[in-house]
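# A structural walkthrough
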Amino acid sequence: GPLIEARAISRSYGRTPALREASVSVRPKEILAIMGPSGSGKSTLLHCLAGIFTPDAGEVWFDGRRLDTLKDAERSELRRTAFGFVFQFGQLVPELTAADNVALPLLLGRVRRRQAYRRALSWLERLELGELRDRRTGELSGGQAQRVAIARALVMEPKIIFADEPTGALDSLTGEKVMDLLVGQARQEGATVIVVTHDARVAASADREVVVRDGRVTDPYAIGVSR
Ligand code: ADP
Ligand code: ADP
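Heads up: these notes are all about the structure in this document. None of these values were measured; they are calculated from a predicted model. (Residues numbered from 1 in each chain as written. Chains lettered and ligands numbered in written order. Predicted model: local features only at pLDDT ≥ 70, side-chain atom pairs only at ≥ 80, totals over all residues. Heavy atoms only, no water.)

## Thoughts on the sheet that holds strand β5 (residues 65-66)
As a general point, the strands of a sheet are linked pairwise by backbone hydrogen bonds and lie either parallel or antiparallel. One open sheet holds the 4 strands; their spatial order is β2-β1-β4-β5, and the pairing between them is antiparallel. Since the sheet does not close on itself, it has two edges, and those belong to β2 (16-26) and β5, each with one partner. Bridge analysis of strand β4 (residues 57-62) against β5 gives 2 bridges, and the strand direction is antiparallel. Opposite phenylalanine 62, over in β5, you have arginine 65 as the bridge partner. Contacting β1 (4-13), β2 and β4, helix α1 (residues 42-49) runs over the sheet at an angle of about 125° to β1. (Pairing = 2+ DSSP bridges. Helix = DSSP H or I, 4+ residues; strand = E, 2+ residues; numbered from the N terminus. Contact = heavy atoms within 4.5 Å. Axes fitted to C-alpha atoms, helices over the stretch in contact; angles between N-to-C directions.)

As structure tokens, then:
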């Protein structure tokens, strides 16, 4: 069965409907791209799947459990342990080094210091960042910072990585490299990836893509829907 699923979820911001009975189902280890025009509801869908927002109606299921009705504490725990996040900006602590940023979620999860830094460094190396371990992330380029963010998401060995425009602030060549590293490492780890993107090349490295239009999810290959 699916690893994560939205069943007819709706959500509004005040009177603005952002999702209208949107449904999507993602298999274990699948790399899914969510595309669609700006304002169509992609981010809202991703946030509902990730348990950051609660839908007004409909259901979200993760690993056979109802996610949207979990108690806040349980949902936070699930997010911390089973979900990884890569956003466009702002997820790193710029004053801390690359190694500190990657070790941080482990330290917060009470992994001992030496072990946390050992795992952090091994992930930095996998993302070709070993030499930058002691640099503050505020001094890194956009592409380097996104690779640190990916290392930080993967270090917790999440079941799912949620990525919202992870290459949106990068030039296309850097973006492609960042996406290749994200997808390649996720595949090696057997992690599922759900990535919101405007970039057709990012979507091309996914296993499947869906398109969000006016708050609904459509299959881009369905008859009558142009790509
Ligand atoms: P996308 O990610 O496809 O750009 P969003 O999910 O961000 O779409 O937004 C869907 C709709 O909801 C848009 O009309 C947007 O303006 C609106 N919206 C998103 N976030 C908010 C918010 N915090 N407050 C009010 N309206 C919002
Ligand atoms: P994205 O397309 O990645 O959602 P946006 O620039 O649309 O990026 O949104 C950035 C932030 O602004 C998000 O937190 C979103 O919820 C919020 N936002 C988007 N649209 C609106 C809106 N119409 N009113 C208030 N907040 C909004």
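## Let's talk about the packing of helix α3 (residues 98-108) against helix α5 (residues 142-154)
One way to put it is that α3 packs onto α5 with a least axis distance of 8 Å and a crossing angle of 25°. In terms of orientation, α3 lies roughly parallel with respect to α5. Once α3 is placed against α5, the crossing between them reads as right-handed. Each of Ala98, Asn101, Val102, Leu104 and Pro105 in α3 lies in contact with α5, whose residues at this interface are Val148, Ala151 and Arg152. (Parallel < 35°, antiparallel > 145°, perpendicular 65-115°, else oblique. Left-handed = near helix turned anticlockwise from the far one by under 90°.)

## Describing the nonpolar core
Counting residues in hydrophobic clusters, the biggest one holds 44 residues, and the most contacted among them are Val86, Val102, Leu124, Val148, Ile150, Ile161 and Val195. Here the element with the most residues in this core is α5; it accounts for 7 residues. Residues contacting valine 102, with those up to four places away along its chain left out, are Ala120, Leu124, Val148, Ala151, Arg152 and Val155. Membership of the second largest hydrophobic core comes to 28 residues, among which are Leu19, Val24, Val60 and Phe162. (Core = buried A, V, L, I, M, F, W, Y, C linked by side-chain atoms within 4.5 Å. Buried < 20%, exposed > 50% of the residue type's maximum accessible area, 1.4 Å probe, protein only.)

## Observations concerning the packing of aromatic side chains
Tallied over the entire structure, the rule returns 5 aromatic pairs. When the centroid spacing of 6.2 Å and the interplanar angle of 80° are considered together, the rings of tyrosine 13 and phenylalanine 53 count as edge-to-face. Taken together, the positions of tyrosine 13 in strand β1 and phenylalanine 53 in the loop between α1 and β4 put the pair 40 residues apart, joining distant regions of the chain. Residue class for tyrosine 13 comes out partly exposed when judged on its relative accessible area of 38%. Consider the rings of phenylalanine 83 and phenylalanine 162, whose centres lie 5.0 Å apart with planes at 70°: the pair is edge-to-face. In this pair, phenylalanine 83 sits in strand β6 (residues 83-86) while phenylalanine 162 sits in strand β7 (residues 160-164), placing the two residues 79 residues apart along the sequence. Neither residue differs from the other here; phenylalanine 83 and phenylalanine 162 are each classed as buried. One aromatic cluster is present, formed by Phe62, Phe83, Phe85, Phe87 and Phe162 through successive ring pairs. When the ring centre of phenylalanine 53 is taken as reference, the NZ or CZ atom of arginine 11 above it lies at 4.4 Å. The aromatic ring of tryptophan 123 is capped on one face by arginine 126, whose charged end is 3.9 Å from the ring centroid. (Phe/Tyr/Trp six-rings, centres within 6.5 Å; stacked < 30°, edge-to-face > 60°. Lys NZ or Arg CZ within 6 Å of the ring centre and 35° of its normal.)

## Comments concerning the site of ligand 1
The immediate surroundings of ligand 1 are formed by Tyr13, Thr16, Ala18, Pro37, Ser38, Gly39, Ser40, Gly41, Lys42, Ser43 and Thr44. Here an oxygen atom of ligand 1 and a backbone polar atom of glycine 39 are 2.8 Å apart. Serine 40 is positioned with one of its backbone polar atoms (N or O) 3.1 Å from an oxygen atom of ligand 1. Taken by itself ligand 1 offers 560 Å² of open surface, and the protein chains cover 58% of this. (Near = heavy atom within 4 Å. Polar contact = N/O pair within 3.5 Å; in protein donor to acceptor, adjacent residues only side chain to side chain. Areas by Shrake-Rupley, 256 points an atom, 1.4 Å probe, with all protein chains shown as cover.)

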